[in-house]
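For reference, the chains in residue letters:
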Amino acid sequence: QQWQEELLQDENAVILDVRTEDEAAEGIIPNATVIDIYKPQEFMSTVEALDKTKTFYVYCRSGGRSAQACAIMNQLGFENTKNLLGGFSEWTGEVAN
């Protein structure tokens, strides 16, 4: 809930969905960019091209992969990454297809 509240108030927010394409096809948080963490080369090249000054709200299905994604992003110099604890399965907000 805190993640959702911060997201709504953050004009600098970027939402990243690090699930697989099949998982994302079941629905995503509106305006999320899907970057599959299970495709390491694609994930790294896409992440490295992102604006490090933004605040990244990262999620997966349950919170494990997104925690890993936040750790990788922090190592790459991203200062503002926020993991959705419980992941998409705990999300109570709007869902897009």
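Quantities reported herein were computed from a predicted structural model and do not represent experimental measurements. (Residues numbered from 1 in each chain as written. Predicted model: local features only at pLDDT ≥ 70, side-chain atom pairs only at ≥ 80, totals over all residues. Heavy atoms only, no water.)

## A few points about the packing of aromatic side chains
1) Next: In this structure the tally under the stated criterion is five aromatic pairs.
2) Next: Consider the rings of Trp3 and Trp91, whose centres lie 5.7 Å apart with planes at 90°: the pair is edge-to-face. With a gap of 88 residues between them, Trp3 in helix H1 (residues 2-9) and Trp91 in the segment after strand E4 (81-83) connect regions that are remote in the sequence. The burial state of Trp3 is the same as that of Trp91; both residues are buried.
3) Next: Ring plane angle 25° and centroid distance 5.8 Å describe the contact between Tyr59 and Phe88, whose orientation is recorded as stacked. Here Tyr59, found in strand E3 (residues 55-59), pairs with Phe88, found in the segment after E4; they are 29 residues apart in sequence, far enough to count as distant. We note that Tyr59, like Phe88, is buried.
4) Next: Ring pairing ties together the aromatic residues Trp3, Tyr57, Tyr59, Phe88 and Trp91, which thus form one cluster.
5) Next: The cationic tip of Arg19 hangs over the ring face of Phe88; the distance from NZ or CZ to the ring centre is 4.3 Å. (Phe/Tyr/Trp six-rings, centres within 6.5 Å; stacked < 30°, edge-to-face > 60°. Helix = DSSP H or I, 4+ residues; strand = E, 2+ residues; numbered from the N terminus. Buried < 20%, exposed > 50% of the residue type's maximum accessible area, 1.4 Å probe, protein only. Lys NZ or Arg CZ within 6 Å of the ring centre and 35° of its normal.)

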